[in-house]
Amino acid sequence: ETGVTQTPRHLVMGMTNKKSLKCEQHLGHNAMYWYKQSAKKPLELMFVYNFKEQTENNSVPSRFSPECPNSSHLFLHLHTLQPEDSALYLCASSPRGSGRGGTDTQYFGPGTRLTVL
Amino acid sequence: AQKITQTQPGMFVQEKEAVTLDCTYDTSDPSYGLFWYKQPSSGEMIFLIYQGSYDQQNATEGRYSLNFQKARKSANLVISASQLGDSAMYFCAMREGQTGANNLFFGTGTRLTVIP
């Protein structure tokens, strides 16, 4: 297993359901990210975790709840979503997640295509 | 204001030809990094190339090169010898260095289609 993996790849859920997205990175990185990609819009950063600590919450509604039990795993718990939450949810990781300068390139997983009915 | 602007929603290029994808950025931070990613229809964002604001030379990675013009605040991606597998969405992104955070700001992307 290499890189960043995400499961499931596709998810259809009703507005009253509770589901979770999972992300796992095999790169030894210390930072992990959740992004939302909607049609015709730039990628939107949702959450950032550095060494398991949340360092960024980009005004995301509380119906999205992240969890980072360790530096290799990241979850996004979903409940009572709205149809406008349908999008591609991308997870990424980077070596350090903060600090001035440097590349600190983010590497992405394949995404979870979420449809909310 | 948009931090990253990609003005070409779609581009076409003949196989084996070169193509330039435009990107302009807006920042007052003297330290920043610029990235290009490729997103095939499968969805994964694939890192292509990086340019730091203090780098003296334009970045190159195989068939990819970045035409960095600091005064114009542009960071165009040049793909040489296009291949059919290059057909994808291409995103320009920027990280501002002074804040210490690693937030990436993305453009809206350019869809590249390589014609056989």
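Refer to the preceding data block for the structure.
Since we're looking at a predicted model, the values are computed, not measured.

Rules used throughout
- Residues numbered from 1 in each chain as written.
- Chains lettered and ligands numbered in written order.
- Predicted model: local features only at pLDDT ≥ 70, side-chain atom pairs only at ≥ 80, totals over all residues.
- Heavy atoms only, no water.
- Helix = DSSP H or I, 4+ residues; strand = E, 2+ residues; numbered from the N terminus.
- Rg over C-alpha atoms; globule rule 2.2 N^0.38 Å.
- Buried < 20%, exposed > 50% of the residue type's maximum accessible area, 1.4 Å probe, protein only.
- Phe/Tyr/Trp six-rings, centres within 6.5 Å; stacked < 30°, edge-to-face > 60°.
- Lys NZ or Arg CZ within 6 Å of the ring centre and 35° of its normal.
- Core = buried A, V, L, I, M, F, W, Y, C linked by side-chain atoms within 4.5 Å.
- Salt bridge = Lys/Arg side-chain N within 4 Å of Asp/Glu carboxyl O.
- Contact = heavy atoms within 4.5 Å.
- Pairing = 2+ DSSP bridges.
- Axes fitted to C-alpha atoms, helices over the stretch in contact; angles between N-to-C directions.

A.B. asks: Residue-level account of the overall build of chain B, with values.
C.D. replies: When you go through chain B residue by residue, the secondary structure sums to zero helices and twelve strands. Order of helices (α) and strands (β) in chain B, N terminus to C terminus: β-β-β-β-β-β-β-β-β-β-β-β. Computed over C-alpha atoms, the radius of gyration of chain B comes to 14 Å, within 12% of the 13 Å expected from 2.2 N^0.38 for 116 residues, which places it in the range of a compact globule. Viewed in the frame of its principal axes, chain B has a C-alpha envelope of about 45 × 30 × 20 Å. Counting across all 116 residues of chain B, residues that qualify as buried make up 50%.

A.B. asks: Break down the packing of aromatic side chains for me, with residues and values.
C.D. replies: All names here are of chain B. For the structure on display, the rule yields 14 aromatic pairs over all chains. Looking at lysine 3, its charged tip hangs above the ring of phenylalanine 105, at a distance of 5.1 Å from the centre. One Lys or Arg, arginine 63, reaches over the ring of tyrosine 64 and ends 5.8 Å from the middle of that ring.

A.B. asks: Lay out the nonpolar core in plain terms, naming residues and giving numbers.
C.D. replies: Within the largest apolar cluster, 24 residues are counted, with the highest numbers of intra-cluster contacts made by Tyr25, Trp36, Ile49, Leu77 and Tyr90 of chain B. Mapped onto this core, the elements with two or more residues apiece are strand S3 (19-21), strand S5 (32-39), strand S6 (46-52), strand S8 (64-69), strand S9 (74-79), strand S10 (88-96) and strand S12 (110-115) of chain B. For this core, the element with the highest residue contribution is S10 of chain B, accounting for four residues. Residues Leu11, Cys23, Met32 and Cys91 of chain A belong to the second largest nonpolar core, which totals 22 residues.

A.B. asks: I'd like a rundown of the pattern of salt bridges, residues and numbers included.
C.D. replies: Between side chains of opposite charge, pairing is possible as soon as their charged atoms come close. Here the structure, examined in full by the defined rule, presents four salt bridges over all chains. The salt bridge partner of glutamate 44 of chain A is lysine 41 of chain A, with a shortest N-O separation of 3.5 Å. Here glutamate 96 of chain B and lysine 3 of chain B are joined by a salt bridge, their closest N and O atoms 3.0 Å apart. Placement of glutamate 96 of chain B in strand S10 and of lysine 3 of chain B in the segment before strand S1 (4-5) is noted, with a sequence separation of 93 residues between them. For glutamate 96 of chain B, a relative accessible area of 14% gives the class buried.

A.B. asks: Quick one: what's the story with the environment of glycine 107 of chain B, residue by residue and with numbers?
C.D. replies: As for its placement among the helices and strands, glycine 107 of chain B is situated in the loop between strand S11 (104-106) and S12. Along the chain, glycine 107 of chain B and tyrosine 25 of chain B lie 82 residues apart, while their C-alpha atoms are 9.0 Å from each other. Every residue in contact with glycine 107 of chain B, bar those within four places of it in the chain, is listed here: Pro42 of chain A together with Ile4, Gln6, Phe91 and Cys92 of chain B.

A.B. asks: Requested: an account of the sheet that holds strand S8 (residues 73-79) of chain A, with residues and values cited.
C.D. replies: Residue and element names in this part refer to chain A. The four strands are arranged S1-S3-S8-S7 in an open sheet whose pairing can be described as antiparallel. Of all strands in the sheet, those with a lone pairing partner are strand S1 (4-7) and strand S7 (64-70), marking the two edges. Across the sheet, the mean angle from the axis of one strand to that of its neighbour is 20°, orientation sign disregarded. The pairing of S1 with strand S3 (residues 18-25) spans four bridges and is classified as antiparallel. Within S3, the residue paired with threonine 5 across the bridge is glutamate 24.

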